[in-house]
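Overview (structure and organization)
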Amino acid sequence: MKFLNLTRHTEIGANSYYLEISGHRLLLDCGMHPKNTGEDALPQLKAIAGREIEAILMSHAHQDHIGTLPVAMRHFPRARVFMTEATGEVGSVLLHNSVNVMTRQREEIGEASYPLFTHRETDRASERWQWCPLRQQISIAGERAAQRERDGLTFEFFEAGHVLGSAGILVRGEGQSIFYTGDVNFDDQTIMEAAVFPEERIDVLILECTRGDHAKPADWTRPNEERRLAEALCRAFERGAGVLIPVFALGKTQEVLAMLHKFRRERLLSDFPIYIGGLSSKMTNIYDRRARITRRQLPRLQLMREVAPFILNDETIRDAPLRAGHVYVLSSGMMIPKTLSNVFARRLIDNPQHSIFFVGYANPESPAGILRDTGSGGEVALDPEKPPQHVRCHIEQFQFSAHATRETLIEYAKKLSPKKILLVHGDPSAVEWVRATLATELPGSEVIVPAPGVELEL
């Protein structure tokens, strides 16, 4: 069994991992770095050049996990590609949007390599994707594994509770087993239900560490946090504020819309206009179409019809006025330059009347992370091409992460008690906390932080 971390640094970046087990060569995810551009946005696929990849297994459709899948399929044309049906539907929309973004960036930042793939290549790639049902063993040939054949290589998808379609992946071969959590949440969200992961003993656990550097507050509960958000919105509206909530188009948009729907229904707030972006509306339509056929809370809720958000795009955002009593739920969650949330934030951050509410993870080096850490009274340049601005708006932080708390990650690892644990998908401080804690609490397990580009013999 061999493992190679293809992510360029110990970070949440272009997540991708090479796995060799029972003579078979697999790729787990193939993401695009949310902040970097060009070659730096890709996983280190050159590190496995010349190796024949048999299968690419996708955990979910966030950009940092699926964003360069067409590039990987070009490198490994014989590889079969497997994912859940919902990930396939969402992933196609996201990749087509990525082509549009890269085409625009080619002109704006002069990145000659963009777009890294085309709309036609995306269509051809998605035709080869094979959708897999949850909790069913599949052979490397893409067929349901018969009991008598289960000594060969099989894989199985389990609900990860992160976003629509997200899955952890259990790979078995010749008496060995390896479980990749992907991005996971062990707690219920407003729409998504908690992960249902295997609890059998496995040999190797590949564990995400996103929230490793943040302890869960002792008194935190989601209902209390939802009420705190409702109260903050009420105060903002009384002050005559417009409120920007930076979100990811997939997952966080739909969770926030569901919360705002609950606030209206429970009369915590009177009716108020809500705006989302074009990509978010496409993702929300998919959530609505799959509401009754996926495992989720509020299965009857049709967000686009019942919340009825207005839709902004790259053109209309520039003319849309910032209005009191309106909520702007705009991507990207990291507030990357030129995205809707970044453009809108630059319009309001120097105005003490308005508010920005952060509701999830933001890379500390991203514009959202920098603004959040700077806080009111500081100065920040949200776009390197624009002059710095004084931060005078109200800034508040809420905890609605779609990732597992570090406490539940440790609890799950202890439940499995694997021989080896590989720590991925986390900033260095987050990974180090998880490593040190597991080393103390699971002395019988070898805890490894896989150095990028270095092959491990497991």
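Just above sits the structure.
Quick caveat: nothing in here was measured; it's all calculated off a predicted structure.

Criteria and cut-off values
Residues numbered from 1 in each chain as written. Predicted model: local features only at pLDDT ≥ 70, side-chain atom pairs only at ≥ 80, totals over all residues. Heavy atoms only, no water. Pairing = 2+ DSSP bridges. Helix = DSSP H or I, 4+ residues; strand = E, 2+ residues; numbered from the N terminus. Axes fitted to C-alpha atoms, helices over the stretch in contact; angles between N-to-C directions. Buried < 20%, exposed > 50% of the residue type's maximum accessible area, 1.4 Å probe, protein only. Phe/Tyr/Trp six-rings, centres within 6.5 Å; stacked < 30°, edge-to-face > 60°. Lys NZ or Arg CZ within 6 Å of the ring centre and 35° of its normal. Contact = heavy atoms within 4.5 Å.

**Re the sheet that holds strand β2 (residues 17–21)**
- Strands sit in the order β6-β5-β4-β3-β2-β1-β22 across an open sheet of 7 strands; the sheet is mixed. Where the open sheet ends on each side, the last strands, each with one partner, are β6 (129–131) and β22 (455–457). Recorded for the sheet is a direction-independent mean angle of 25° between the axes of neighbouring strands.
- The pairing of β2 with strand β3 (residues 24–28) spans 5 bridges and is antiparallel. Bridging across to β3, Leu19 finds its partner in Leu26.

**Focus on the pairing of strand β12 (residues 243–246)**
- Alternating positions in β12 separate into two faces, Val243 and Ile245 on one and Leu244 and Pro246 on the other, with burial throughout.
- Summarising the sheet, β12 and strand β15 (residues 327–330) pair through 4 bridges and their orientation is parallel. Paired with Pro246 across the two strands is Leu330, which belongs to β15.
- When β12 meets strand β16 (residues 355–358), the two strands line up parallel, connected through 2 bridges. The partner of Val243 across the bridge, within β16, is Ser355.

**A few points about the packing of aromatic side chains**
- Applying the stated criterion across every chain, the model contains 15 aromatic pairs.
- Both rings, one in Phe158 and one in Phe179, keep their centres 6.2 Å apart while their planes meet at 80°; by these two values the pair is edge-to-face. Here Phe158 is found in strand β8 (residues 154–159), whereas its partner Phe179 is found in strand β10 (residues 176–180), with 21 residues between them in sequence.
- The buried category is assigned to Phe158, whose relative accessible area is 7%.
- For Phe179, a relative accessible area of 0% corresponds to the buried category.
- A ring pair is formed by Phe179 and Phe197, whose centres lie 4.8 Å apart and whose planes are at 80°; its orientation type is edge-to-face. Residue Phe179 is located in strand β10, and its partner Phe197 is located in the loop between β10 and β11 (204–208); the two are separated by 18 residues in the primary sequence.
- Here the aromatic cluster, defined as three or more aromatic residues joined through ring pairs, consists of Phe158, Phe179, Phe186, Phe197 and Tyr412.
- Its guanidinium or amino end placed over the ring of Tyr18, Arg51 lies 4.8 Å from that ring's centre, counting from NZ or CZ.
- Residue placement shows Arg264 over the ring face of Phe272; its charged tip is 5.0 Å from the ring centre.

**Details of the environment of Val449**
- Turning to its location among the elements, Val449 is positioned in the loop between β21 (446–448) and β22.
- It is 29 Å that separates the C-alpha atoms of Val449 and Lys252, two residues lying 197 residues apart in sequence.
- Not counting residues up to four positions away in its chain, the partners in contact with Val449 are Thr10, Leu423, Val431 and Arg435.

**Here we look at the sheet that holds β15**
- Within the open sheet, the 6 strands sit side by side as β14-β13-β15-β12-β16-β19. Their pairing is parallel. On the outer flanks of this sheet lie β14 (310–312) and β19 (394–397), each paired with one strand and no other. Between one strand and the next, the sheet's axes are offset by a mean angle of 25°, whatever the strand orientation.
- One ladder, built from 4 bridges, connects β16 with β19; its direction is parallel. By the bridge assignment, Phe358 is partnered in β19 with Gln397.
- Relative to the sheet, helix α7 (residues 278–289) contacts β13 (274–277) and β14, its axis offset from that of β13 by approximately 95°.
- Where helix α10 (residues 367–374) meets the sheet, its contacts fall on β16 and β19, and the angle it forms with β16 comes to roughly 110°.

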